[in-house]
Amino acid sequence: MYDFLIVGAGFAGSVAAERLATLHNKRVLVIDKRDHVGGNAYDHLDEHGVLIHKYGPHIFHTNSQLVWRYLSQFTEWRPYEHRVLSSVNGKLLPIPINLDTINGYYGTRLNAEEAERFLESLAEPREQIRTSEDVIISKVGRELYEKFFRNYTLKQWGLDPSELDSSVIARVPVRTNTDDRYFTDEFQGMPVDGYTVMFERMLNHPNISTMLATDFQAVRNSVQYREMIFTGPIDEFFDYRFGALEYRSLHFRYENHDANLVQPVAVINHPNEHPWTRVTEFKHLTGQKHSSTTLVYEYPTNEGDPYYPIPRAVNKELYLRYRTLSEQAPGVYFSGRLGTYRYYNMDQVVAQSLALCDRIMGTRRDYAALQSVDGA
Ligand code: FAD
Ligand code: UDP
């Protein structure tokens, strides 16, 4: 008899397993239908020996010292600050939009203050910022919106920014200084030995058993457990009783080149041309020394694994119905990007999972998580 069955070996499931086993001495079984741990953060060597991320580029960043210290028990970090260029009008310009983007795009030589006034003159004020279109148009006006955001978003989500919650595009700031980092979080880096090794260390505990290539349906009646944490899609768990939630998926195409590096930065966005949204060159992220280099092209699609919950009103309402249902499922907890239908980054999922364990075990959040990090 296991104390906990945990469905999903991604961040949500693995953090919960580690906390329950290490801090609370619970016997835990982690299952995943995939044949590997790590969920969407899984990385591995491709056939050329280049370390790649199987489900698209994953860059770790957080402002939470708690989350950073928690994960640092299982990995050291390679200092890495992410930079992205967007291919617009035949030029490669920094995204998020910054002073160099503005000057590069308009052929101007404005300073920060002038750029701020210039953007103010372009911006179309909106009374309410409800949609992703409102977010950008109210900051930079229609032209930059059309060139940098509209078509990228149409490709990525299959929806116009006016149909998406403001939170989607609000992930990308607008700046008038020359900071060209994609993230400004206090803690940023890549796990030195990769994500998969970090997950293996988290799950390496005598109280934790792992069964891979195992779907929940295959074991739901054969494994004995007291409580369950489910990190797969919440609508699937309830057999789509109220209908299916929308998810966006991606098809990944990998390309290896006999060269050290072929892109100037890790990621180049292609808002207006091509069926793909962005191209990532992994060696920029990982710092791996290798005679060849591998890139991944991302093609958004509705078919395939559910990678992105789609933040818009219709899904919010439907999710809330499932969440109400989940509150009536005794001993079953839902967690993670799919279990709680939230467009969460890795650090947010780690924080959510730490908090869930504390809620389940009745411990106080900061105290519980910091205690073992400090080795107390
Ligand atoms: P997942 O990693 O999806 O894990 C859920 C697991 O549950 C999966 O392994 C799945 O196989 C398993 N599962 C589902 N149903 C069942 C079932 N019925 N039976 C058994 N197993 C099941 N975040 C960042 O912070 N930085 C980034 O740069 C970043 N880049 C991203 C790029 C892409 C292309 C994508 C898609 C996401 C990115 N993210 C990034 C987000 C990040 O992937 C997630 O925040 C995080 O991986 C979510 O962890 P999770 O455990 O909730 O879900
Ligand atoms: N986005 C855009 N143009 C860009 C970058 C982002 O329009 O050059 C929009 C797009 O809708 C995207 C969202 O901003 O889905 C969030 O971008 P982010 O890079 O955070 O997406 P993720 O890494 O989660 O795919």
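Before any of the text, the structure's been laid out above.
To keep things clear, this report deals only with the structure shown in the data block.

## Things to note about helix 13 (residues 346–361)
Okay, step 1: In this model helix 13 runs 23 Å from its N-terminal to its C-terminal C-alpha over 16 residues, within 8% of the 22 Å that 1.5 Å per residue would give.
Okay, step 2: Inspection of helix 13 places Met346, Asp347, Val349, Val350, Gln352, Ser353, Leu354, Leu356, Cys357, Asp358 and Ile360 among the buried residues, and these make up the whole buried set.
Okay, step 3: In the stretch just after helix 13, Gly362 is the one whose phi turns positive, near 70°.

## Examining the site of ligand 2
Okay, step 1: Looking at ligand 2, there are 16 residues lining it, with Thr153, Arg171, Tyr182, Tyr308 and Tyr343 nearest.
Okay, step 2: One nitrogen or oxygen atom from the main chain of Phe149 is found 3.1 Å from an oxygen atom belonging to ligand 2.
Okay, step 3: Between ligand 2 and Tyr343, the relevant distance is 2.6 Å, taken from an oxygen atom to a side-chain nitrogen or oxygen of the residue.
Okay, step 4: Alone, ligand 2 offers 520 Å² of accessible surface; in the complex the protein occludes 93% of this.
Okay, step 5: Looking at the shell around ligand 2, the elements with two or more residues in it are helix 5 (132–157) and helix 6 (166–169).
Okay, step 6: Among the elements that take part in the shell around ligand 2, helix 5 stands out by supplying six residues, more than any other.
Okay, step 7: Its residues assigned to classes, the shell around ligand 2 comprises 11 nonpolar, three polar and two charged.

## Looking at the sheet that holds strand 10 (residues 208–211)
Okay, step 1: A sheet is described by the order of its strands in space; here five strands give the open sequence 10-2-1-11-17, paired in parallel fashion. In this open sheet, the two strands that pair with only one neighbour each are strand 10 and strand 17 (332–334). Between one strand and the next, the sheet's axes are offset by a mean angle of 20°, whatever the strand orientation.
Okay, step 2: Pairing analysis gives five bridges linking strand 1 (residues 2–7) to strand 11 (residues 225–230), with the strands arranged parallel. Looking across to strand 11, one finds that Val7 is bridged to Phe230.
Okay, step 3: Contacts from helix 1 (residues 11–22) reach strand 1, strand 2 (28–31), strand 10 and strand 11, with the element oriented near 165° to strand 1.

## Let's talk about the nonpolar core
Okay, step 1: Ile6, Phe11, Leu71, Phe148, Phe149, Tyr195 and Ile229 are the most contacted members of the largest nonpolar core, which totals 104 residues.
Okay, step 2: If we skip the residues at most four places from it in the chain, Phe149 touches Ile95, Ile97, Ile136, Leu144, Ile169 and Val172.
Okay, step 3: Of all hydrophobic cores here, the second largest spans five residues; its members include Val279, Leu295, Tyr297 and Tyr299.

## Regarding the sheet that holds strand 6 (residues 77–79)
Okay, step 1: Across the sheet, three strands lie side by side as 5-9-6; this open sheet has antiparallel pairing. Of all the strands in the sheet, just strand 5 (60–62) and strand 6 have a single pairing partner and so form its edges. Pairwise comparison of adjacent strand axes, ignoring direction, gives a mean angle of 40° for this sheet.

## Considering the pairing of strand 12 (residues 247–257)
Okay, step 1: The pairing of strand 12 with strand 16 (residues 308–309) spans two bridges and is classified as antiparallel. Of the residues in strand 16, the one forming a bridge with Tyr247 is Pro309.
Okay, step 2: Looking at chain direction, strand 12 and strand 15 (residues 293–301) are connected through nine bridges and run antiparallel. Looking at strand 15, one finds that Tyr254 is bridged to Val296.

## Here we look at the packing of helix 3 (residues 99–106) against helix 4 (residues 112–122)
Okay, step 1: The N-to-C vectors of helix 3 and helix 4 enclose an angle of 65°; their axes lie 10 Å apart at closest approach. It follows from the interaxial angle that helix 3 and helix 4 lie roughly perpendicular. Like other packed secondary-structure pairs, helix 3 and helix 4 cross with a definite hand, here left-handed. Contact residues: helix 3 offers Leu99, Ile102 and Tyr106, while helix 4 offers Ala112, Ala115, Phe118, Leu119 and Leu122.
Okay, step 2: A class-by-class count of the residues in the contact of helix 3 with helix 4 yields eight nonpolar, no polar and no charged.

## Some words on the side chain of Gln188
Okay, step 1: Considering the arrangement of structural elements, one finds Gln188 in strand 9 (residues 187–191).
Okay, step 2: The exposure class of Gln188 is buried, given its relative accessible area of 10%.
Okay, step 3: One polar contact links the side chain of Gln188 to the main-chain carbonyl oxygen of Phe183, over a distance of 2.9 Å.
Okay, step 4: Within the structure, the side chain of Gln188 is placed 3.0 Å from the backbone oxygen of Asp185, a separation counted as a polar contact.

## Quick word on the pairing of strand 7 (residues 84–88)
Across a regular strand the side chains alternate sides, sitting on one face of the sheet and then on the other.
Okay, step 1: Of all five residues making up strand 7, five are buried, and the element is well covered by its neighbours.
Okay, step 2: Across the two faces of strand 7 the burial is the same, with Val84, Ser86 and Val88 and Leu85 and Ser87 all buried.
Okay, step 3: Here strand 7 pairs with strand 8 (residues 91–95) via five bridges, running antiparallel. Residue pairing in the sheet places Val84 in a bridge with Ile95 of strand 8.
Okay, step 4: Here strand 7 folds back onto strand 8, and the loop between the two strands holds two residues, one of which, Asn89, carries a positive phi near 50°.

## Observations regarding the site of ligand 1
Okay, step 1: Close to ligand 1 lie 32 residues; Asp32, His58, Ile59, Tyr344 and Met346 are nearest.
Okay, step 2: In the model, a nitrogen atom of ligand 1 is placed 3.0 Å from a nitrogen or oxygen of the Phe216 main chain.
Okay, step 3: Computed on the free molecule, ligand 1 has an accessible area of 1,000 Å², of which 96% lies beneath the protein chains in the complex.
Okay, step 4: Contributing elements (two or more residues each) for the shell around ligand 1: helix 1, helix 12 (336–339) and helix 13.
Okay, step 5: It is helix 12 that contributes the most residues to the shell around ligand 1, three residues altogether.
Okay, step 6: Grouping the amino acids of the shell around ligand 1 by side-chain chemistry returns 15 nonpolar, 10 polar and seven charged.

About the thresholds
- Residues numbered from 1 in each chain as written.
- Chains lettered and ligands numbered in written order.
- Predicted model: local features only at pLDDT ≥ 70, side-chain atom pairs only at ≥ 80, totals over all residues.
- Heavy atoms only, no water.
- Helix = DSSP H or I, 4+ residues; strand = E, 2+ residues; numbered from the N terminus.
- Expected span 1.5 Å × (residues − 1).
- Buried < 20%, exposed > 50% of the residue type's maximum accessible area, 1.4 Å probe, protein only.
- Near = heavy atom within 4 Å.
- Polar contact = N/O pair within 3.5 Å; in protein donor to acceptor, adjacent residues only side chain to side chain.
- Areas by Shrake-Rupley, 256 points an atom, 1.4 Å probe, with all protein chains shown as cover.
- Nonpolar A, V, L, I, M, F, W, Y, C, P; charged D, E, K, R; others polar.
- Pairing = 2+ DSSP bridges.
- Axes fitted to C-alpha atoms, helices over the stretch in contact; angles between N-to-C directions.
- Contact = heavy atoms within 4.5 Å.
- Core = buried A, V, L, I, M, F, W, Y, C linked by side-chain atoms within 4.5 Å.
- Parallel < 35°, antiparallel > 145°, perpendicular 65-115°, else oblique.
- Left-handed = near helix turned anticlockwise from the far one by under 90°.

Purely geometric numbers; function is a separate question.
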